[in-house]
Amino acid sequence: MSNPLSDLLRSYLAVGLFASLGFILVGLLLFLSWLVRPSRPQAQKYISYESGVDPVGDMWSQSQVRYYIFALLFVMFDVEAVFIFPWATRVELYGVFGLVEMLVFIGILLLGLVYAWRKGVLRWA
Amino acid sequence: MRVEMFTFLLAGAICLGGALGVVLLKNPVHNALSLVATLFGVAVLFVNQGAYFLAAIQVIVYAGAIVILFLFVIMLLGVDRETDEGREPLVAQRPLAVATGLAILGLSLVALLSAGQRATGDKADLAPLNQPGPDINHLAEVLFTRYVYAFEITAVLLTVAVVGAVVLSKRTNEPLIDLDEFPEGTVVDVRRRADDAKAQDEVDADAEVVAVPDTEGDPQEGGDD
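Residues numbered from 1 in each chain as written. Chains lettered and ligands numbered in written order. Predicted model: local features only at pLDDT ≥ 70, side-chain atom pairs only at ≥ 80, totals over all residues.

Chemist: What am I meant to see in the overall build of chain A here?
Modeler: Scanning chain A from N- to C-terminus turns up four helices and zero strands. Burial status across chain A gives 11% buried among its 125 residues. (Helix = DSSP H or I, 4+ residues; strand = E, 2+ residues; numbered from the N terminus. Buried ≥ 20, exposed ≤ 12 C-beta atoms within 10 Å, placed from the backbone.)

If you want it as structure tokens, here you go:
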């Protein structure tokens, strides 16, 4: 192939092979079990499993808002990592300017974390 | 068939299937999981274009974190409640959605058909990112030169989001409004004074009940048996 993109994609051939192999394997196993297993439907078999006892209440329950805070803090530092990676691969190119900019960026983000910490929402009590 | 075209078609089919699932499925959790499929498809499209860093970010941030955030919101609102499909929160939102979708489709078609091969030519805003070499380095160059203010404002945006979420979700025992701050004579102040007087009366009444000497715990009680 003359196109350079094709050479790059050729290195993803292994990924494609593994992905298709995974799909084939799962499909084959599901097909085999469908072929072999007996089918005796009972109402009890459709109850959600809860350690062997009959489940209490509904399957879905309302979660607490604290989970949202933790997930949001995770997203915040996820995005921070996204911006740190391009800087970290070429730190020497951006020098003091890049360092200051990155410190300002991290500092502003830390304000949010400090605020959440001082307000006590990080405490799981 | 060329590999790029095959990958593009496969990833595009996954994207469109996920998008249809987001719109058509009834269970909100299934909608969020369909969104994961769409985002993965977009990541494959990024790989197809040689943007490996963007592909990794797409999976880590969007499929990994943002959708989890969506799922937490869905669980917070409670998916067990029967949503009334017929009720529309916004007036005429369905016709508006159809009109907007058709308009975006038309604009995209016009841009594609009229621009020909140069839909993303060198004069586009993305030209600095289309140089040969790893996209992560080009991203950093643009980030620290042209978009440095936008980069810092992103941090402010995220911080504002966290502060807002903390303020909205914090459960306080104190009243949200300090009633003592209202000037004397206003309706709120008069009502507060009445409430205070009533509460004080109740406290006094309780104190009287407590103050009554109880006669039941007498030492004579155990002597008769």
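From this point, the discussion proceeds with the structure in view.
Chemist: So what exactly am I meant to see when it comes to the overall build of chain B here?
Modeler: Secondary structure assignment for chain B yields seven helices and zero strands. The helix and strand sequence of chain B, counted from the amino end, reads α-α-α-α-α-α-α. Burial analysis of chain B (225 residues in total) assigns 14% to the buried set. For chain B, contacts bridging at least 24 residues in sequence account for 42% of all contacts bridging at least 6. (Contact = placed C-beta atoms within 7 Å.)

Chemist: Would you mind showing me how to read the interface of chain B and chain A here?
Modeler: For an interface, size is often stated in terms of accessible area lost upon the parts coming together. At the junction of the two partners, chain B supplies 39 residues and chain A supplies 41 residues. Those elements that place two or more of their residues in the side of chain B that touches chain A are α1 (3-24), α3 (52-77), α5 (135-145) and α6 (148-169) of chain B. For the side of chain B that touches chain A, the element with the most residues is α6 of chain B, which contributes 13 residues. Across the side of chain B that touches chain A, the residue classes break down as 29 nonpolar, six polar and four charged. (Nonpolar A, V, L, I, M, F, W, Y, C, P; charged D, E, K, R; others polar.)

Chemist: Honestly, the packing of helix α3 (residues 65-89) of chain A against α6 of chain B in this entry has me stumped. Any pointers?
Modeler: A pair of packed helices is characterised by two quantities: the angle between their axes and the separation of those axes. Running from N to C, α3 of chain A and α6 of chain B point in directions that differ by 170 degrees, and their axes come no closer than 10 Å. Here α6 of chain B runs roughly antiparallel to α3 of chain A, going by the angle between their axes. Listed contacts from α6 of chain B to V65, Y68, I69, L72, L73, M76, V79 and F83 of chain A of α3 of chain A are F151, L158, A161, V162, A165, V166 and S169 of chain B. (Axes fitted to C-alpha atoms, helices over the stretch in contact; angles between N-to-C directions. Parallel < 35°, antiparallel > 145°, perpendicular 65-115°, else oblique.)

Chemist: Where do I start with the packing of α1 of chain B against helix α2 (residues 28-48) of chain B in this structure?
Modeler: All names here are of chain B. With their axes 7 Å apart at the nearest point, α1 and α2 run at an angle of 160 degrees to one another. With respect to α2, the element α1 is oriented roughly antiparallel. Read as a crossing pair, α1 and α2 show a hand that is left-handed. Between α1, through E4, T7, F8, A11, G12, I14, C15, G17, G18, A19, G21 and V22, and α2, the contact on the second element is made entirely by H30, N31, S34, L35, A37, T38, F40, G41, V42, V44, L45 and N48. (Left-handed = near helix turned anticlockwise from the far one by under 90°.)

Chemist: Explanation requested: the nonpolar core in the structure shown.
Modeler: One recurring pattern in soluble globular proteins is that nonpolar side chains are buried together. Formed by 19 residues in total, the largest nonpolar core has its most connected members in I69, L73, M76 and A116 of chain A together with V162 of chain B. If you list the elements that add at least two residues to this core, you get α3 and α4 (91-118) of chain A together with α5 and α6 of chain B. When neighbours within four sequence positions are excluded, V162 of chain B is seen to be in contact with L72, L73, M76, G112 and A116 of chain A. Membership of the second largest hydrophobic core comes to 15 residues, among which are A32, L35, L39 and A51 of chain B. (Core = buried A, V, L, I, M, F, W, Y, C linked by C-beta atoms within 7 Å.)

Chemist: Would you mind going over the confidence of the model for chain B with me for this structure?
Modeler: Interpretation of this model should avoid reading the predicted coordinates in detail wherever pLDDT is low. Residues and elements named next belong to chain B. Mean pLDDT over chain B: 78, with 71% of residues reaching 70 or higher. Mean pLDDT per element in chain B: helix α7 (residues 187-211) is the minimum at 71, and α2 is the maximum at 91. Confidence metrics for the complex model read pTM 0.67 and ipTM 0.70. (pLDDT = per-residue confidence, 0-100.)

Chemist: Mind showing me how you'd approach the environment of E152 of chain B here?
Modeler: Positionally, E152 of chain B belongs in helix α6. Non-local contacts of E152 of chain B, meaning those with residues more than four positions away in its chain, are made with E101, V104 and F105 of chain A.

Chemist: How should the environment of V67 of chain B be read in this particular structure?
Modeler: All names here are of chain B. Relative to the assigned elements, V67 resides in helix α3. Along the chain, V67 and L33 lie 34 residues apart, while their C-alpha atoms are 7.9 Å from each other. Discounting residues that sit within four places of it in the chain, V67 has contacts with A32, L35, V36 and Y62.

Chemist: What's the story with the confidence of the model for chain A in this structure? I'm lost.
Modeler: Chain-level statistics for chain A give a pLDDT mean of 83 and a share of 89% at 70 or above. The least confident element of chain A, judged by mean pLDDT, is helix α1 (residues 4-10) of chain A at 61; the most confident is helix α2 (residues 13-36) of chain A at 92.

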